[in-house]
Amino acid sequence: MWSGRQGRLRPVGCVVEELRCRRREREAALRKARREQQLISKRLLRDDASEEAEGGCVAMILGETEIQHFLRLAQQGTEEKERERALVSLRRGLQHPETQQTFIWLEGSMRTLVGLLTSNQALLQLEAARCLHELSHSEQSAVAEACLPATSYLLTYLSGHSSDFIELCLYTLGNLIVESEAVRRQLLPQGIVPALAACIQSPHLTVLEALGYALSQLLQVKEAPEMIIPSVLGSTLPEHILRLLQPGPKLNLGVAVEFAWCLHYIICSQVDNTLLISHGGLSTLGLLLLDMAGAVQRTEDTGLELLACPVLRCLSNLLTEAAMEVVGGQNQLEDERVVAALFILLQFFLQKQPSLLPEGLWFLNNLTANSPSFCTSLLSMDLIEPLLQLLPVSNVVSILVLTVLCNVAEKGPAYCQRLWPGPLLSCLIGTLAFPDIEVVGQSLELLQLLFLYQPEAAKDFLQQSGLQVLERHQEEAQLQDRVHALQQTALHQ
Amino acid sequence: MQLPPALHSRLAGGPGAAEPLPVERDPAAGAPPFRFAARRVRFPREHEFFEDGDVLRHLYLQDVLTQVTEAPERPRVPEFTCQVAGCCQVFDSLEDYEHHYHTLHRNVCSFCRRAFPSVHLLDVHILEWHDSLFQILSERQDMYQCLVEGCAEKFKTSKDRKDHLVRCHLYPADFRFDKPKKSRGPATPGAAVRASAEAPRDDGEQSGGDAMEVCSEHAASLPEPVGERRTSSHRSVPGILLRQVVSVCFVRRMLGWALGSSLPERRELECWLQQELRARPVLFLSSHFVSCARPVLGPEAQEGKAPSLPLHRGLNWDGRNVGCRCRSYDLLICFSIANCVLIGLNLFSSLILGRTQDRRKEIANKCKPIRR
């Protein structure tokens, strides 16, 4: 069930160092794009394996006459194999941006390609779809927009039965969706949402993964909360998405990743989250979390962080729904195993992907904020110590850890009594020495709660020469009031 | 990070919530200058908190991150031909064959052998081309369904539908579903494809008509004797089936009704026919019959009966019944033993309905998806 992604996309054949370097470059570019709110990505489905086997010829840039020649051959060739070969050559050429430009400005070329796409020769049709896919993956928006005349056919073919072909159509659509609002303005009236809702019942995993990709592309665009999510919620898609995320032998990681992201885009837009809760969204995601934690213990390197990230986001945001009690959401997530699972995942993140730790701790905050039961679980399962071990990771992580501890402490004396013994005090004295004001501020909040509910704490604090550490922050404008108040409390108890 | 060993066994255990410790809050907690209050936090999609996770997602999408497994080796098989009768295309891989089968042999009209990309389009095609009652009903109400799945609109003519597709669904203007009969496909197998891939500079007019036809003659490429299929196309089955029993047009009515049974209009058709039958038993023979009966009955009789018919629009009211073969004795038999024929009607309909369903089952069996 949790085996690695059955990738159809092959790794680029280069050495590890080169790969790391490329990744760093990509990452920087993505961060920049995200800050500019232009984070879009496309996927390329290319079966290089069979091509290399066929002789591995290097794709060449095609000129106008060559394109015309191949198109004419594909259209009018006498033998089917010959026509197919012409299209294969064209597709290889289209891997080059130059050829793509030449192609789209060539009169009648797209029309011919669409004609081949709708032709009655199954293999020509498939090859024409691959050509379109190459074009859809282009970084130049003019190229992708030239594919617009094909969208109504791509959508029609989604109700077909050939899984390879449907997969190709879905990836092509997914690439086109993010290109521009003009594309979406055409795809929506052409019925992309009902078409996807019909297609999601497919039994083929490759089709489902491609569908999840296309849907997540559709849901992440800027205008989605107003234009797209309402119609998605009005369709049967949400129930199917939740069905595909249910843990069990049928769960597939690649498929689940795509649909978890779909769900995240829906939930963070806050259009109608009560609908998802009433469909059992919280309990499904909670069970999925348990399952993931189980899988992390059993196997290594499964790419689970790709799924854990959107699942944690969905859970955290769903917990903030004000109307949750009304639709019975509270009962869906009261199993303390969720806390156990979360800690196992936190440990996994710490080793594999520390950048995801804040998201896990955010969920822990939302779990413990209003729930004495989860706070008690945290204490009874001895999880305070592991939590404190996360403090040195980063400022964001420290603040979140301290906030979770505050959530526990503010529940009253019974909680502070359990919280106090152990390394908490020495850790707090450590965080008070942090240069970051917010971390120190949050530590001060926690100390105040502890002094209030657990008077012993003030005594221990004095003994451990906490006052000297506090004095360091007396000049800090944002902290001095609180520092002063704490000094008073500690000294007068 | 050291997790307590008991945690793993807790995860493996059964569900349950901890009995919460007593909560006692002091109003002094969180009082100024302190400001802490426990609260759940929501982050909107553009929040910077999500940056790391989003970047991770997009690295995965661009496939820099996952060093995925090798593409599964496609099994090589010796060349083989398509097993569907009349199709002798050759393949060297199962995937190619699968795609070919699904495209050309899956949603095939059993009357005219045309292949369609989806069940929806096949249903619409059968309704509009092979259901005799469709024409009657389309004169009374909007019958041309929108081709977009999920759109419930219906239209009076196929032209209206096309306008709707272009205007509301932004379909390309040259997207065409139904073609006039005269251009129902070229006679040679290869020509259809050529026509459908025609570039505009060659013949703008023609390609405008053919290029975008989703339901175009997919089957035309099958190397089956094309001439024969053409002649048997469109609406020949009922004639062959029951010609000897009564008369061509009568049977056509019956079949139209029976076919209707598999379509959403069934209830409507039944209600209407039953009403008509109750009102005047003779009329169950349908306007089609009356149109044949006219010359026999003479002008007076026509005047007596015909005006009450909702459907009399001249002799060949459906515009398709060229050369009716009804003979007067058919008419007389039917008139004299109207009651017997009423029973016969039921028998026929169940007979034909049964056959149609068998046929459908047969097709469905043939079309069972091939498992890899």
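The rules behind the values
- Along each chain, residues carry numbers from 1 onward, in the same order as the chain's sequence is written.
- Chains and ligands are labelled sequentially in the order written, the chains with letters from A and the ligands with numbers from 1.
- Under the rules for a predicted model, residues below a pLDDT of 70 receive no local features and side-chain atom pairs below 80 are neither given nor counted, while totals for whole chains, interfaces and linings still include all residues.
- To get the side-chain values, take all heavy atoms of the structure and skip hydrogens and water.
- Runs of E in the DSSP output that reach at least two residues are strands. Runs of H or I that reach at least four are helices, and both are numbered from the N terminus.
- For every residue, the accessible area (1.4 Å probe, protein chains only) is compared with the maximum for its type, and the residue is labelled buried under 20%, exposed over 50%, or partly exposed between those bounds.
- In this analysis, two residues are considered to be in contact whenever any of their non-hydrogen atoms come within 4.5 Å of each other.
- Note that accessible areas follow from Shrake-Rupley with a 1.4 Å probe, and for residues the cover is restricted to the protein chains shown.
- Fitted lines through C-alpha atoms serve as axes, helices being fitted only where they are in contact, and the angles separating the N-to-C directions of these axes extend from 0 to 180 degrees.
- Angles below 35 degrees are treated as roughly parallel, those above 145 as roughly antiparallel, those between 65 and 115 as roughly perpendicular, and all remaining angles as oblique.
- Under the convention adopted here, Pro, Cys and the residues Ala, Val, Leu, Ile, Met, Phe, Trp and Tyr are nonpolar, Asp, Glu, Lys and Arg are charged, and Gly plus all remaining residues are polar.
- UniProt positions are given in the numbering used here, feature names are shortened, and annotations may be inferred rather than shown by experiment.
- To estimate how far a helix should extend, the number of its residues minus one is multiplied by 1.5 Å.
- Accessible area, probed at 1.4 Å, shrinks when two parts are joined; the buried area is that loss added up over both.
- Whenever a carboxyl oxygen of Asp or Glu lies within 4 Å of a side-chain nitrogen of Lys or Arg, that contact is scored as a salt bridge.
- Disulfide assignment relies on a single distance test, namely cysteine sulfur atoms paired within 2.5 Å.
- For Phe, Tyr and Trp, rings pair up if their centres lie within 6.5 Å, where Trp contributes its six-membered ring, and each pair is then called stacked (planes under 30 degrees apart), edge-to-face (over 60) or tilted (otherwise).
- In this analysis the charged atom, NZ for Lys or CZ for Arg, is taken to sit over a ring once it is within 6 Å of the ring centre and within 35 degrees of the ring normal.
- Here a polar contact is taken to be a pair of N or O atoms separated by no more than 3.5 Å, where protein atoms must pair a possible hydrogen donor with a possible acceptor and residues adjacent in sequence count only if both atoms sit in side chains.

- For chain B, an unreviewed UniProt entry supplies the name C2H2-type domain-containing protein and the organism Felis catus.

- Per an unreviewed UniProt entry, chain A goes by IBB domain-containing protein and derives from Felis catus.

## So, the overall build of chain B
Inference 1: Check the secondary structure of chain B and you find 15 helices and six strands.
Inference 2: Residues counted as buried form 50% of the 372 residues belonging to chain B.
Inference 3: Within chain B, contacts between residues at least 6 apart in sequence are counted, and of these 55% link residues at least 24 apart.
Inference 4: When the accessible surface of chain B is split by element, carbon and sulfur atoms take 56% of a total near 18,500 Å².

## Examining the packing of helix α7 (residues 122–136) of chain A against helix α3 (residues 94–106) of chain B
Inference 1: One can describe the packing of α7(A) onto α3(B) by two numbers: an axis separation of 8 Å at closest approach and a directional angle of 105 degrees. On the basis of the axis angle, α7(A) is roughly perpendicular to α3(B). Along the contact surface, α7(A) presents Ala122(A), Leu123(A), Gln125(A) and Leu126(A), while α3(B) presents Asp96(B), His99(B), His100(B) and Thr103(B).
Inference 2: Residue composition of the contact of α7(A) with α3(B), by class: three nonpolar, four polar and one charged.

## Digging into the UniProt feature "domain: C2H2-type" (unreviewed entry) in chain B
Inference 1: Following the UniProt record, one finds the feature "domain: C2H2-type" (unreviewed entry) at residues 82–105, 109–130 and 146–169 of chain B.
Inference 2: Overall, residues 146–169 of chain B shows 42% helix and 8% strand. The separation of its end C-alpha atoms is 10 Å.

## As for helix α31 (residues 480–492) of chain A
Residue and element names in this part refer to chain A.
Inference 1: Taking 1.5 Å per residue, 13 residues should reach 18 Å; α31 reaches 18 Å between its end C-alpha atoms and fits that length.
Inference 2: Of all the positions in α31, only Arg482, Val483, Ala485, Leu486, Gln487 and Ala490 are classed as buried.
Inference 3: Where α31 is buried, its residues touch α28 (437–453), α29 (456–463) and α30 (466–471).

## Digging into the interface of chain B and chain A
Inference 1: Each side of the interface is counted separately: chain B has 111 residues, and chain A has 151 residues.
Inference 2: Note on chain B versus chain A: buried area summed over both sides is about 11,500 Å², and carbon and sulfur give 56% of it.
Inference 3: The largest contributions to the chain B side of the interface with chain A come from Met1(B), Arg40(B) and Arg45(B), which together make up 8% of the buried area.
Inference 4: In this assembly, chain B and chain A are joined by nine salt bridges.
Inference 5: The set of elements that each furnish at least two residues to the side of chain B that touches chain A consists of α1 (6–12), α2 (51–61), α3, α4 (119–130), α7 (191–196) and α8 (204–210) of chain B.
Inference 6: Looking at the side of chain B that touches chain A element by element, the count peaks at 11 residues for α2(B).
Inference 7: Looking at the side of chain B that touches chain A residue by residue, the classes come out as 52 nonpolar, 28 polar and 31 charged.

## Quick look at the state of the cysteines
Inference 1: For the coordinates displayed, the defined rule picks out zero disulfides over all chains.
Inference 2: For Cys406(A), which is in no disulfide, the shortest distance to another cysteine sulfur is to Cys416(A) and amounts to 9.7 Å.
Inference 3: Of the cysteine sulfurs around Cys168(B), a residue in no disulfide, the closest is that of Cys151(B), at 7.5 Å.
Inference 4: A relative accessible area of 36% places Cys168(B) in the partly exposed class.

## Some remarks on the pattern of salt bridges
Inference 1: Counted by the stated rule, this structure contains 27 salt bridges over all chains.
Inference 2: In this structure, Glu179(A) engages Lys42(A) in a salt bridge whose closest nitrogen and oxygen atoms are separated by 2.4 Å. Taken together, the residues span a long stretch of sequence, with Glu179(A) in the loop between α10 (163–177) and α11 (181–187) and Lys42(A) in the loop between α1 (16–35) and α2 (48–53) at a distance of 137 residues.
Inference 3: Overall, Glu179(A) belongs to the buried group, its relative accessible area being 14%.
Inference 4: On the basis of relative accessibility, which here comes to 11%, the residue Lys42(A) falls in the buried class.
Inference 5: Ionic pairing is found between Glu209(A) and Arg43(A), a salt bridge with its closest N-O pair at 3.8 Å. A residue pair is termed long-range when its members are at least 10 positions apart, and Glu209(A) in helix α13 (residues 205–219) and Arg43(A) in the loop between α1 and α2 qualify at 166 residues.
Inference 6: With a relative accessible area of 9%, Glu209(A) lands in the buried category.
Inference 7: Among the charged side chains, a network of salt bridges with common partners joins Arg23(A), Glu27(A), Arg31(A), Arg35(A), Glu51(B) and Asp52(B).

## Observations concerning the packing of aromatic side chains
Inference 1: This model, assessed by the stated rule, comprises 16 aromatic pairs over all chains.
Inference 2: Consider the rings of Trp261(A) and Tyr265(A), whose centres lie 5.9 Å apart with planes at 40 degrees: the pair is tilted. Placement of both Trp261(A) and Tyr265(A) in helix α16 (residues 253–269) is noted, with a separation of four residues, approximately one turn of the helix.
Inference 3: Accessibility expressed as a relative area gives 7% for Tyr265(A), which makes it buried.
Inference 4: Ring centres 4.3 Å apart and planes at 15 degrees place the aromatic pair Phe43(B) and Phe49(B) in the stacked group. The same class applies to Phe43(B) as to Phe49(B), namely buried.
Inference 5: Every member of this aromatic cluster is reached through a ring pair, and the members are Trp362(A), Phe43(B), Phe49(B) and Phe50(B).
Inference 6: Looking at Arg43(A), its charged tip hangs above the ring of Tyr60(B), at a distance of 5.0 Å from the centre.
Inference 7: One cation-aromatic arrangement involves Arg114(B) over Trp129(B); the distance from NZ or CZ to the ring centre is 5.6 Å.

## Details of the side chain of Thr172(A)
All names here are of chain A.
Inference 1: Of note, threonine 172 is situated in helix α10.
Inference 2: Polar contacts involving the side chain of threonine 172 include one to the main-chain carbonyl oxygen of leucine 168, which spans 2.7 Å.
Inference 3: Residues in contact with threonine 172, not counting those within four places in the same chain, are Ala129, Leu132, His133, Ser136 and Leu154.

## Brief notes about unusual backbone geometry
Inference 1: Across the junction of Pro32(B) and Pro33(B), the peptide omega takes the value 5 degrees, indicating a cis bond.
Inference 2: Even without a glycine there, the phi angle at Gln270(A) is positive, about 55 degrees.
Inference 3: Relative to the assigned elements, Gln270(A) resides in the loop between α16 and α17 (273–278).
Inference 4: Take Gln270(A): its relative accessible area is 42%, and that puts it in the partly exposed class.
Inference 5: In this structure, Ser465(A) takes a positive phi of about 50 degrees despite not being glycine.
Inference 6: With respect to the helices and strands, Ser465(A) occurs in the loop between α29 and α30.

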